[in-house]
Number of protein chains: 2
Amino acid sequence: MPRPKTHDDALRVRLLDRAGELLSTEGPGALSLRRLASDVNTSTTAVYSLFGGKPALLDALYEEAFRRFGDRLAALPETGDPVEDIVRIGLTYRDSALADPQFYLVMFSKVVPNFTPSEETNAAAAETFTPLVANVRRAVESGLFVDAPHEHIALAMWGMVHGLVSLELNGNLPPGVEIAPAYESAIRAHIDGWRKRS
Amino acid sequence: MPRPKTHDDALRVRLLDRAGELLSTEGPGALSLRRLASDVNTSTTAVYSLFGGKPALLDALYEEAFRRFGDRLAALPETGDPVEDIVRIGLTYRDSALADPQFYLVMFSKVVPNFTPSEETNAAAAETFTPLVANVRRAVESGLFVDAPHEHIALAMWGMVHGLVSLELNGNLPPGVEIAPAYESAIRAHIDGWRKRS
DNA sequence: CGAGTTTTATAACACTGTTGCGATAGAATG
DNA sequence: CATTCTATCGCAACAGTGTTATAAAACTCG
């Protein structure tokens, strides 16, 4: 007896897709509910019935962003040499960030006001971290690296890679300074720092 | 013949002070022009006649934040050992960020919508970087470090320190993971990575 | 064909930054 | 002393935001 549903799962993905497009192409400022709803020929009510509000929509987008990001990192073939794998993860990390800077800023910068990811979404996001941790463990177990908790080593590596990319994408670098020419050597030097001295 | 000015330099600093307070204590969401103006017993017009608008006010706050930050880093006494100085800079970097996280987020994260620092303000902000660069140069010139551009080495170090602190303050760390116990050893390991091998 | 019921679109609310307008307050002039 | 002038400032309107309450729409069942 009710009126037929149009706020279905298909509309949900259309909203999510369009939201991602708006974010990537015009930035977070263009991602307003009225704009989004009108672009998909519905009303702002749809966002509330399908997500629960703008923060919840952003949470879904946040999850999607980390999924893409994690997929790219997990898709890297293993070479057998953990050091080389770590370098490749680092390079891919920056490539992925530069491929869609706005998404990266949603993940790691606070570009959208009044949005903080939910506990579970943030836990899922942490999975992105696992390929690096696995390779570092391999390097530690094979005696290549110093005897330190492999989580600590991986965290330091993630920090550097993330920090350089963040400085780049947030525009915090001094004028004239570029990341690209220093990036790979920075990764390799950092790895060397954890090498066991003989 | 005109009506006496109340939008003077004293009001300017009162606005800036209160804006900093609001930012530190209640976060960027509480920093609205109406709220700010009423807290200082004036009107929103004051912000426009004294600064030019909210982005310009934020620019002044951004400059102030970097000035404080840079002062803390520059105040570090030199020990004569560049390596030890670099470690101290790294530790102070995190201490300063944790002392006022909201200010740090204004500097290095995009917590305020529609704000990007002006060219000149950003250039001034880059001065924060110089103590680290100076110490790295010293280490390179004394033959301690590998023969690489000292700007590249300093950039890598800044990246790691900044990355770890950013992950921490943005809440991007996996649940249960802490920066503190890994921080100093990460800095020292990274420094070791640039050491000349004998 | 009308009543009932669920779902959706519309409009109102409180808030934001920004801008134009009118009130204000004192000095110079008659 | 009253009036006029004028730079200055506070208030209100405007366009926009997320959110919420309300009313219209659209189908089934009696």
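These figures come from a predicted structure and were not determined experimentally.

A. Representation of the overall build of chain A in the model. If you tally the helices and strands in chain A, you get 10 helices and zero strands. When the helices and strands of chain A are read in sequence order from the N terminus, they spell out α-α-α-α-α-α-α-α-α-α. Across its three principal directions, the C-alpha atoms of chain A cover 80 × 45 × 25 Å. Every one of the 198 residues in chain A was classed for burial, and the buried ones make up 39%. The long-range fraction of contacts in chain A, counting pairs at least 24 apart against all pairs at least 6 apart in sequence, stands at 68%.

B. Region of interest: the protein's contact with DNA strand D. The local shell around DNA strand D holds 26 residues, among which A:Ser32, A:Lys54, B:Pro2, B:Lys5 and B:His7 are the closest. Sorting the residues of the surface near DNA strand D by element identifies helix H2 (33-39), helix H3 (45-50) and helix H4 (54-74) of chain A together with helix H3 (45-50) of chain B as the ones contributing at least two each. The class makeup of the residues in the surface near DNA strand D is nine nonpolar, 11 polar and six charged.

C. Seen up close, the interface of chain B and chain A. Contacts between the two partners involve 38 residues from chain B and, on the opposite side, 38 residues from chain A. Listed by contribution, the elements that provide at least two residues to the side of chain B that touches chain A are helix H6 (101-108), helix H9 (150-170) and helix H10 (180-193) of chain B. Looking at the side of chain B that touches chain A, the element that brings in the most residues is H9(B), giving 11 residues. When grouped by side-chain class, the residues that make up the side of chain B that touches chain A number 21 nonpolar, 15 polar and two charged.

D. The arrangement of the relation of the copies chain B and chain A in detail. Of the transformation superimposing chain B on chain A, the axial component is 0.0 Å and the angular component is 180°, with the fit at an RMSD of 0.1 Å. Accordingly, the operation relating the two chain copies is best matched by a two-fold axis. Counting the interface residues of chain B, we find that 100% of their copies in chain A are interface residues as well, pointing to one common contact surface.

E. Up close: helix H9 (residues 150-170) of chain A. Residue and element names in this part refer to chain A. With 21 residues, H9 ought to run about 30 Å at 1.5 Å a step, and its terminal C-alpha atoms sit 29 Å apart, in line with that. The element H9 is largely enclosed, with a buried count of 20 among its 21 residues. Directly beyond the C-terminal end of H9, a positive phi value near 75° is found at glycine 171.

F. Layout of the environment of B:Ala182. Along the chain, the position of B:Ala182 falls in helix H10. Assessed through the 21 C-beta atoms surrounding it within 10 Å, B:Ala182 is described here as buried. Taking C-alpha positions, B:Ala182 is 44 Å from B:Gly52, a pair spaced 130 residues apart along the chain. Aside from chain neighbours lying at most four places away, what touches B:Ala182 is A:His152, A:Leu155 and A:Ala156.

G. Structural detail: the packing of helix H10 (residues 180-193) of chain A against H10(B). With their axes 6 Å apart at the nearest point, H10(A) and H10(B) run at an angle of 110° to one another. Taken together, the axes of H10(A) and H10(B) lie roughly perpendicular to each other. Our pair here, H10(A) against H10(B), has a crossing hand that is right-handed. Taken together, the residues of H10(B) that come into contact with H10(A) (itself represented by A:Ala189, A:His190, A:Ile191, A:Asp192 and A:Gly193) are B:Ala189, B:His190, B:Ile191, B:Asp192 and B:Gly193. Here the contact of H10(A) with H10(B) is composed, by residue class, of four nonpolar, four polar and two charged.

Criteria and cut-off values
Residues numbered from 1 in each chain as written. Chains lettered and ligands numbered in written order. Predicted model: local features only at pLDDT ≥ 70, side-chain atom pairs only at ≥ 80, totals over all residues. Helix = DSSP H or I, 4+ residues; strand = E, 2+ residues; numbered from the N terminus. Buried ≥ 20, exposed ≤ 12 C-beta atoms within 10 Å, placed from the backbone. Contact = placed C-beta atoms within 7 Å. Near = placed C-beta within 6 Å. Nonpolar A, V, L, I, M, F, W, Y, C, P; charged D, E, K, R; others polar. Least-squares fit on C-alpha atoms with pLDDT ≥ 70 in both. Expected span 1.5 Å × (residues − 1). Axes fitted to C-alpha atoms, helices over the stretch in contact; angles between N-to-C directions. Parallel < 35°, antiparallel > 145°, perpendicular 65-115°, else oblique. Left-handed = near helix turned anticlockwise from the far one by under 90°.

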